[in-house]
Amino acid sequence: MKTLNYDRYGDSSVLKICEVAIPIPKKNEVLIKINSVAINPLDWKIRNGMLKIITGNHFPKNIGCEFSGIVEKMGEEINENLIGKKVFGFADNPMKNGVLSEYICSTLNCIQEVPSTLSLEEASAVSVCGLAALQSLKTIAQAQSGQSILIHGCTGGIGLFSIQLANKMGLNIYGVCSTKGVEISKEYGCHVVIDYNKENILNIKQKFDIILDLSSKLTYSNAKNMMNPSSIYIDPNATPEVMLKSFFINLVSSKKCKVLLTKFNKEFLNELTTFLKNGLKVKIFKTYSFENSIIAYKETEQNGSIGKTIIKLF
Ligand SMILES: NC(=O)c1ccc[n+]([C@@H]2O[C@H](COP(=O)([O-])OP(=O)(O)OC[C@H]3O[C@@H](n4cnc5c(N)ncnc54)[C@H](OP(=O)(O)O)[C@@H]3O)[C@@H](O)[C@H]2O)c1
């Protein structure tokens, strides 16, 4: 089967399509024929070596954190018949093994049946950003109806899910994005959209209960002026430096700085699926073929996405 590998850290030029054997599922695993894989910033953070301290120096490595596909085989310990089922999910350990291959093996903890509200392509693009948005709002911010939220970077993968979830939770939603994302932000439910090409967010007088900084361009120090004494700023850049910094901020300030460390587990995947069944939408920005997957990574890293970019294998 074909897989997208790299055998050293670097930019998208280290990626190459290779031929490897189809994996054999363990007793508690299923073999999945991959339909689509969605691209995430985490993919290139791992590939660039930014997380080398965790990912180590064992090569080759595969790329990709989330997928959809069809179950083709089952390990002997799996009781229910899943053959032929459409599933979506996340890599068991993306720091070790990616999912952009024609086939992968997965335990049932990492997958969920695709709800009838989604296509297989759309389902490939929900696990990482959907769980990150859900946990940011519900677990970290413990958002309450009537609160205000600033989503800084509201048109990316997490952004569009966050707008929709914040709407379901009854929040007042302000979003920041570039000109090209203004219309879709409104369409997805953002109440006030600030175009960063035209207006500097630092000049606005508004205070927010929750600030979700998905662009990493705002920073806690700048956000402080837009926070009430009990507001929460959420940083998705879960590096050791950011975690250490947030620890010290939280010791001295009532304006909290929380780091997002998304938990990938079945419980949250079930909860996300309920939202998907109830109309949570997935925006697919661009679709590339597997043969063009290296170009897909290069272009997405350079130009970004409105919603999600996916690579479709069949
Ligand atoms: N810690 C965790 O558990 C976890 C989990 C998932 C993701 N993440 C991280 O979360 C971050 C966001 O992920 P994502 O998938 O949503 O990324 P993404 O799809 O690349 O979205 C980034 C967003 O930032 C906006 N942006 C770029 N420059 C900006 C600026 N100067 N001012 C305001 N907005 C700006 C983009 O809008 P334009 O395109 O219009 O510029 C886009 O809306 C990434 O760093 C990712 O690695 C962390």
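Values in this document were obtained by computation on a predicted structure and should not be read as measured data. (Residues numbered from 1 in each chain as written. Predicted model: local features only at pLDDT ≥ 70, side-chain atom pairs only at ≥ 80, totals over all residues. Heavy atoms only, no water.)

(A) A look at the overall build of the chain. Helices and strands together make up the secondary structure of the chain, namely 10 helices and 16 strands. Projected onto the principal axes, the alpha-carbon positions of the chain cover approximately 60 × 40 × 40 Å. Buried residues in the chain amount to 52% of all 314 residues. Counting only contacts in the chain whose residues sit at least 6 apart along the sequence, the fraction spanning at least 24 positions is 70%. Of the roughly 14500 Å² of accessible surface on the chain, 51% is carried by carbon and sulfur atoms. A distance of 5 Å separates the average location of the 36 positive side-chain charges in the chain from that of its 28 negative side-chain charges. (Helix = DSSP H or I, 4+ residues; strand = E, 2+ residues; numbered from the N terminus. Buried < 20%, exposed > 50% of the residue type's maximum accessible area, 1.4 Å probe, protein only. Contact = heavy atoms within 4.5 Å. Areas by Shrake-Rupley, 256 points an atom, 1.4 Å probe, with all protein chains shown as cover. Lys, Arg positive; Asp, Glu negative; His and termini not counted. Charge placed at Lys NZ, Arg CZ, Asp CG, Glu CD.)

(B) Region of interest: helix α9 (residues 266-277). Along its 12 residues, α9 runs 16 Å from first to last C-alpha, staying within 8% of the 16 Å computed at 1.5 Å per residue. For α9, the set of buried residues is F268, L269, L272, T273, F275 and L276. Considered in projection along α9, the buried side chains sweep an arc of 160° and stay on one side of the axis. Residues of α9 that are exposed and angled more than 90 degrees away from the buried face: E267 and K277. Turning to α9, the residues buried within the fold contact β6 (86-90), β8 (111-113), α4 (127-140) and α5 (157-168). Put simply, N265 is the residue that caps the front of α9, since its side-chain oxygen is 3.2 Å from the backbone nitrogen of E267. Downstream of α9 by one or two residues, G279 has phi in the positive range, about 105°. (Expected span 1.5 Å × (residues − 1). Arc of directions from axis to C-beta. Polar contact = N/O pair within 3.5 Å; in protein donor to acceptor, adjacent residues only side chain to side chain.)

(C) Main features of the pattern of salt bridges. On inspection of all chains with the given rule, the structure shows 9 salt bridges. Linking K16 and D7 is a salt bridge whose minimum nitrogen-to-oxygen distance equals 2.8 Å. The exposure class of K16 is partly exposed, given its relative accessible area of 37%. Among the residues examined, D7 registers a relative accessible area of 37% and is labelled partly exposed. (Salt bridge = Lys/Arg side-chain N within 4 Å of Asp/Glu carboxyl O.)

(D) Inspection of the side chain of S293 at higher detail. Position of S293 relative to the elements: it lies in helix α10 (residues 293-303). Polar side-chain contacts of S293 include one of 2.7 Å to the backbone oxygen of F290.

(E) Spotlight on the UniProt feature "domain: Enoyl reductase (ER)" (unreviewed entry) in the chain. Within this structure's numbering, the places UniProt gives as "domain: Enoyl reductase (ER)" (unreviewed entry) are residues 10-311. The span residues 10-311 is 29% helical and 27% strand by assignment, and the distance between its end C-alpha atoms comes to 20 Å. (UniProt positions renumbered as here; feature names shortened; annotations may be inferred.)

(F) Inspection of the site of the ligand at higher detail. In the vicinity of the ligand there are 23 residues, among which K45, S178, Y196, L260 and T262 approach most closely. Take K180: an N or O atom from its side chain is 3.3 Å from an oxygen atom of the ligand. Here a nitrogen atom of the ligand sits 2.8 Å away from a polar atom, N or O, in the main chain of P236. Within the complex, the protein chains bury 84% of what would otherwise be the 940 Å² of accessible surface of the ligand. Sorting the residues of the shell around the ligand by element identifies α1 (41-48), α4 and α5 as the ones contributing at least two each. The residue inventory of the shell around the ligand, partitioned by class, reads 12 nonpolar, 8 polar and 3 charged. (Near = heavy atom within 4 Å. Nonpolar A, V, L, I, M, F, W, Y, C, P; charged D, E, K, R; others polar.)

(G) Structural detail: the layout of surface pockets. In this structure, the second largest pocket occupies an estimated 510 Å³ of space. The wall of the second largest pocket is formed by 25 residues, among which N62, N97, G98, I104 and C105 lie closest to the centre. The set of elements that each furnish at least two residues to the lining of the second largest pocket consists of β1 (2-6) and β7 (103-107). (1 Å grid on protein atoms, 1.4 Å probe; cavity = no way out; pocket = protein on both sides within 12 Å on 5 of 7 lines; lining within 4 Å. Points joined across faces, edges and corners; volume = space filled by probe spheres on them.)

(H) Looking closely at the packing of α4 against α5. Their axes nearest at 8 Å, the elements α4 and α5 cross at an angle of 50°. The orientation of α4 relative to α5 falls into the category oblique. In terms of crossing hand, the pair formed by α4 and α5 is right-handed. Contact residues: C129, G130, A132, A133, L134 and L137 in α4; G157, I158, F161, S162, L165 and A166 in α5. Each residue belonging to the contact of α4 with α5 can be placed in one class, and the counts come to 9 nonpolar, 3 polar and no charged. (Axes fitted to C-alpha atoms, helices over the stretch in contact; angles between N-to-C directions. Parallel < 35°, antiparallel > 145°, perpendicular 65-115°, else oblique. Left-handed = near helix turned anticlockwise from the far one by under 90°.)

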